[in-house]
Every structure is written in structure tokens, then in C-alpha cells.
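If you want the building blocks of each chain, they are given just below.
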Amino acid sequence: MSPRAGQAGHPARTLAFVESPVQLLNVLEWAHLHGLHGPAERGRPTVPGPAARPGPAVPPGRRGAAPDVPPGAGETGEPAAPVPAPVPVPAPVPVPAQARRTAGGTAPAGPPAAGGEGEGELTLVVLSPTDPMTRGQLRRMADLARDEGYRVRWEEARGGTTAPFHTIGGLAGSLRRADRIVMGDPFSRYVQLLLTITRARDLVVVDDGTATMEFIAQLARGERLVRWHRKGGRPGARDLLFAPVSSSARRRLTPSDRRRVEVFSSMPVTEIPDGVTVTANDFAWTRARFGPPRITQSADLVGTSLVETGVVDGDRYLEAVHHLAKTHGATRYFAHRRESTDKLRRLAAETGLEIVRPDLPLELIARRGPIGRTILSFPSTVVHTLPLALAGTGVRVAVCDIDPAWLTDTASPRAQGFLSGVTGTARDVHRLAAVSLA
């Protein structure tokens, strides 16, 4: 798909909708590949954002705490909300501020140009979630996007009963003018609703982790769009009520003479729907922007939210983590942003692992370092993305299979097969046998 697929005489106006830090990262990777820019020639001052400022003083006896998010992170003055630190974590490594890249080099520091907001080739729209950890990472990713020269529009899309009406109403004009829509989560009801408004001829789906694999497969088979861990269950009342919108979104995401569809992914794709363009994400922006990292001699363990989504039993998961840490000498546990506070407290107490709450997606955390020479993970997105982000560093990524005995009674019938597929299709990783918890 041409990155300039707009009307003749002007660059394509692109709106990107993201709801998680990983989605925002992958939009930046996609824009880097296609050479898209923010508002043209508008000299934005380059100053350290919240991620580049040191955290607050650390109380005695703690290795560090997740800093409160300072105000001013949102394009519309989105207020700060403290990010809770349920367990001790190391103080975040500062993210270096960089000048915005332009065709002639880097934009000099100075006051922004006068005039209206304008529309660049790419505007990022954050449909803010309510989870505080996700919001904190999104704020920091938004600062990185601004450092790259992109306009970021922060929407409190879930900030009360009337918030969706205000958000959709405020975006309607931009949606109708956009030549291209980029989305990180085609399963999102919010995104599906926004798709009913746009007239864009180009639609792009960037990675939202392993869910992208399921989205492509469902689109190829003409199935309704349902997240993998919910598939097999009976649709609820809200699902039935939203079914017409979901069906409309699936039709719009199906290529036709009037619409082009691109999937930008680092995931293995085996079922490619007719007419869909698949573009590989090799994390070129991440590797150019950060690192190479300092490599430690120990191992690090990556957490997963499979317990929180009801797929894996909590007790079994903690036993498996303890076994892996002991066997491979892991000292740190990088928590998934959706892992519960109670689970992490228990994990820290029972395993002795140092719990780290990353303030950015793990691909960036690992790339800037320090990072263990071995990274242990259960089946998840990172077994596909980390080998790409850490290419050439000598870091080994190892994945541990999920034993069927760990699954809950309420897990989707497809859970085991899907998780095995995530592991089996991973490239450049070392595969570990499932931990026996007899």
C-alpha cells in the first residue's frame, strides 16, 4: 500500500487509534517504515517528557517506586493520576529526549510555530483506558511520539457515561476527512464504532500482540470478530446488541475495489485473506532509537496476564514461575501491565523475585537495558517481538509451554491450541518443556 494514498495534491491524512502502549509503539514502527511525518515544518521544542524526568525520592528500604505521572501529558491537558506502586520496583531508566527528525536533519529547539494545530500526515488518537498502569505507559509513549514530531490527541474515551458521545462527536469531522485509518485493536468496540463513520479508502491494522494472529485468521474465514480467550462461549447481551456494528466493521475490514487493507505485524501469518497486504514489522525504529543495551549475566522473567483473563489457574502459575526462576537463576520479574496487585505481592513474597513494573513496552525496556542474557517467557507476544528488537545483542529468549493442567475450568476450548501455536510459530527462541507441577 502506498503511504501517499490520499487525494491528488496533498499527502494522505492519517488517523491512528490506539488503546494500549504496544499499539502506539507499533504505529510508530509503521510510520517509520512508511516515512510519515507529523505537522509539516512546525518546529516543536525538544524537552524531556515525563519519561525523561527522574522519579521522586525513594523512601528508605525500597529499591524504587513507580513515579507519579506529572501533569501535561495529554494534548488536551489530560490530568495526571498517580500510578500505584503495589510492589517495590527499580527507579525507571530515563528515556533520552531526541530532536524531531525532518528531511533536513533534526528540528532545532525553540518555540513552536504560530498558527492553528494543523493536520500532519499522521495524528495519533489515544482512546484512553481506565487502568492506571496502561495509562501511565501510554503517557510515556505519547511523549516519545511527540519527540518524533507527531501530533497526539488524548481522548478520555471512557471517562463517564457521556464520554463516548463527546469523543465520537469530536472525532467525526477528522474521521470523514481522513484518507487512511490505522488501528491497533480491530476487536475493540470503540474502534469498530468509529469505522462506521470513516470514508477512508485505506485501513491499516498494526499489531496488538498475539490477538493479531487470531484477527487475520477470523477475517480469512469470514467469522465474527471475537477475542481468542472468549471464543467458544455464548455471546452475552452486549455482544448481541453490538452485533450489527461488529458485522459492519468486519465488512469494512474486508478488502474490496473501494478499500485497501494492510496488516503490519511481527507475528507469523499463515492465513492471509484475499486482497490483504501483510507488511513485516522488524522493529527498525526501536533499534535505531534505543540501545544497544548492557547485558547482565543473570536471567529475567516476563510475566503474563493469563491468570487475569481467566485462562490459567493462579496457584499453578505461581508454582511455575517459582520453578523457572529457581532453575534458570532469574532475579527479576517484568510484570505485564494488566497483572493484579495481589498476585504480584504474593509472587514477590513466595519467589523472592524483584518485581519490575515497566513504564514503557518491554521491547523498549529491553532495548535500552540493562537486560538479562536470558529472557524467560510464557507464550505471549514478546516471544515474537523481543528477538526482533534485540537482534544482534546476543540475548537469548526462551519460552515455556503452558501445561494443559494449568488451564481453568472456564478457559476457552481453543486456549491450549492457540497458546501452543504462539510458542510453535515463534522464531529465534529456545523452547522449554512445560514445567511439571506434580
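Going by the structure above, here's the rest.
Here is a short report on the structure shown in this document. (Residues numbered from 1 in each chain as written. Predicted model: local features only at pLDDT ≥ 70, side-chain atom pairs only at ≥ 80, totals over all residues. Heavy atoms only, no water.)

## Regarding the overall build of the protein
Part 1 of the argument: When its secondary structure is counted, the protein shows 12 helices and 15 strands.
Part 2 of the argument: For the protein, the proportion of its 438 residues judged to be buried stands at 54%.
Part 3 of the argument: Long-range pairs, those at least 24 residues apart, make up 74% of the contacts in the protein between residues at least 6 apart in sequence.
Part 4 of the argument: For the protein, the accessible area works out to roughly 18400 Å², and carbon and sulfur atoms hold 53% of it. (Helix = DSSP H or I, 4+ residues; strand = E, 2+ residues; numbered from the N terminus. Buried < 20%, exposed > 50% of the residue type's maximum accessible area, 1.4 Å probe, protein only. Contact = heavy atoms within 4.5 Å. Areas by Shrake-Rupley, 256 points an atom, 1.4 Å probe, with all protein chains shown as cover.)

## Side note on the pairing of strand β10 (residues 295–302)
Part 1 of the argument: Counting buried positions over the eight residues of β10 gives six, a clear majority of the element.
Part 2 of the argument: Where β10 lies against strand β13 (residues 371–377), six bridges are found, and the strand directions are parallel. Bridged to A299 within β13 is T374.
Part 3 of the argument: Bridge count between β10 and strand β11 (residues 330–334): four bridges; the pairing is parallel. The residue bridging A299 from the neighbouring strand is A330, located in β11.
Part 4 of the argument: Following the backbone out of β10, through helix α8 (residues 314–328) and into the adjacent parallel β11, one traces a crossover that is right-handed. (Pairing = 2+ DSSP bridges. Right-handed = clockwise from strand over helix to strand, strands pointing away.)

## Comments concerning the nonpolar core
Part 1 of the argument: One finds L24 and L124 to be the most contacted residues of the largest nonpolar core, which totals 44 residues.
Part 2 of the argument: A total of six residues in this core trace back to one element, the largest contributor, which is helix α1 (residues 21–34).
Part 3 of the argument: In this structure, Y317, L344, L407 and A411 belong to the second largest nonpolar core, which totals 30 residues. (Core = buried A, V, L, I, M, F, W, Y, C linked by side-chain atoms within 4.5 Å.)

## Concerning the packing of aromatic side chains
Part 1 of the argument: Within this structure, the stated rule accounts for four aromatic pairs.
Part 2 of the argument: Consider the rings of F187 and F215, whose centres lie 6.3 Å apart with planes at 85 degrees: the pair is edge-to-face. A residue pair is termed long-range when its members are at least 10 positions apart, and F187 in the loop between β6 (180–183) and α4 (189–195) and F215 in helix α5 (residues 211–221) qualify at 28 residues. Note on accessibility: F187 and F215 belong to one class, buried.
Part 3 of the argument: Judged by centre distance (5.2 Å) and plane angle (45 degrees), the rings of Y317 and F378 are tilted. Taken together, the positions of Y317 in helix α8 and F378 in the loop between β13 and α11 (382–389) put the pair 61 residues apart, joining distant regions of the chain. Of the two residues, Y317 and F378, both sit in the buried class.
Part 4 of the argument: Taken together, the ring pairs connect Y317, F378 and W406 into an aromatic cluster. (Phe/Tyr/Trp six-rings, centres within 6.5 Å; stacked < 30°, edge-to-face > 60°.)

## A short note on the pattern of salt bridges
Part 1 of the argument: A complete count under the given rule lists 16 salt bridges for this structure.
Part 2 of the argument: We note a salt bridge from E156 to R135, for which the minimum N-O separation is 3.0 Å. One end of the pair, E156, is in the loop between β5 (151–155) and α3 (163–177); the other, R135, is in helix α2 (residues 132–147), and 21 residues separate them in sequence.
Part 3 of the argument: A relative accessible area of 30% places E156 in the partly exposed class.
Part 4 of the argument: With relative accessibility at 11%, the residue R135 sits in the buried group.
Part 5 of the argument: Between R146 and D143 there is a salt bridge; the shortest N-O distance is 3.5 Å. Taken together, the positions of R146 and D143, both in helix α2 and three residues apart, correspond to about one turn of that helix. Just as R146 is buried, D143 falls in that class too.
Part 6 of the argument: Salt bridges linked by common partners bring R140, D359 and R368 together as one network. (Salt bridge = Lys/Arg side-chain N within 4 Å of Asp/Glu carboxyl O.)

## Concerning the sheet that holds β11
Part 1 of the argument: On the basis of which strands lie adjacent, the open sheet formed by six strands has the order β12-β11-β10-β13-β14-β15 and parallel pairing. Strands with a single pairing partner mark the edges of an open sheet, and in this sheet they are β12 (354–356) and β15 (430–432). Going from strand to strand, the sheet's axes swing by 30 degrees on average, the running direction of each strand aside.
Part 2 of the argument: Inspection of the sheet shows β11 paired to β12 by three bridges, in the parallel sense. Looking at the pairing, R332 lines up with E354 of β12.
Part 3 of the argument: Packing against the sheet, α11 makes contact with β10, β13 and β14 (396–400), and its axis sits at approximately 175 degrees to β14. (Axes fitted to C-alpha atoms, helices over the stretch in contact; angles between N-to-C directions.)

## A word on the environment of V204
Part 1 of the argument: Mapping V204 onto the fold places it in strand β7 (residues 202–206).
Part 2 of the argument: Residue class for V204 comes out buried when judged on its relative accessible area of 0%.

None of this, on its own, says anything about what the molecule does.
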